[in-house]
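# Architecture at a glance
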Amino acid sequence: ALSLPANNTECEIGEVVDDMAYVSFEWGESADTESYDLVITNLVTDEVTNRLNLEVTTKNVKLLRGYPYSWTVSSKNSGDVITSSDSWKFYVSGDGETNSVPFPATLLTPLSGTTITPDNGKVTLEWESSDADGDAVTYTLYADTVDGNQEVPDEWKDLSETSMDIDVQPGTVYYWHVETSDGVNTSISTTYTFKTAD
């Protein structure tokens, strides 16, 4: 069970060294465990920081400031069973920063690589996101058959809802991602693909 940094919050940081800061990670002990793997992912750069084979349930890790991150812990023993925690998100504030970048949207459906049967020529795209400051956020949806970065219609911009029905063609591969804005900063989700059934 993860403990600190708390989920979807701006974390408290320790010693600051230039553009880096120490972040304290804590989690609960699990039964039948000999060691833990701590995996931290920068949600903007996709850079992964690993601290492997830990025999404690706390660890200080130096991370770049001004970025959102996700983190998980896996518990291991000498057997083949590895158990992973939930994935939590947090934000490390930058120097003199008053506004955190919103967390990149998590794309929910359709999952990447799936084949979808359109409903009356439409597919519903769903996502979720949050902001460490609690700011209201808006979304811009990108979806096309090229790369997920083509110009989008005005009605796909500044959305307050977290789902949208789009018109699709049968037997076609689509690329999609979501940009989240709090009016000051913008974050970009990963790009997913899906295929429509013939």
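Up top you'll find the structure we're talking about.
This report concerns the structure included in the present document. (Residues numbered from 1 in each chain as written. Predicted model: local features only at pLDDT ≥ 70, side-chain atom pairs only at ≥ 80, totals over all residues. Heavy atoms only, no water.)

### A closer look at the pattern of salt bridges
All told, the structure shown has 4 salt bridges when counted by the stated rule. We note a salt bridge from Lys76 to Asp37, for which the minimum N-O separation is 3.1 Å. One end of the pair, Lys76, is in strand β8 (residues 67–76); the other, Asp37, is in strand β5 (residues 35–42), and 39 residues separate them in sequence. For the pair formed by Lys76 and Asp37, the shared burial category is buried. Ionic pairing is found between Asp154 and Lys157, a salt bridge with its closest N-O pair at 3.5 Å. In this structure Lys157 comes out as partly exposed when scored by relative accessible area, which is 30%. What emerges from the salt-bridge pattern is a single network uniting Glu151, Asp154 and Lys157. (Salt bridge = Lys/Arg side-chain N within 4 Å of Asp/Glu carboxyl O. Helix = DSSP H or I, 4+ residues; strand = E, 2+ residues; numbered from the N terminus. Buried < 20%, exposed > 50% of the residue type's maximum accessible area, 1.4 Å probe, protein only.)

### A short note on the packing of aromatic side chains
For the coordinates displayed, the defined rule picks out 8 aromatic pairs. Each ring, one from Tyr69 and one from Phe90, has its centre 5.4 Å from the other, and the planes form 15°; the classification is stacked. With Tyr69 in strand β8 and Phe90 in strand β10 (residues 88–92), the pair connects residues that are 21 residues apart, well separated along the chain. You'll find Tyr69 and Phe90 in the same group, each marked buried. Note on Trp127 and Tyr139: the rings are 5.8 Å apart at their centroids and 70° apart in plane angle, and the pair reads as edge-to-face. Of this pair, Trp127 sits in strand β13 (residues 122–128) while Tyr139 sits in strand β14 (residues 138–144), and the two are 12 residues apart along the sequence. An aromatic cluster of three or more residues is present, and its members are Phe25, Tyr69, Trp71, Trp88 and Phe90. (Phe/Tyr/Trp six-rings, centres within 6.5 Å; stacked < 30°, edge-to-face > 60°.)

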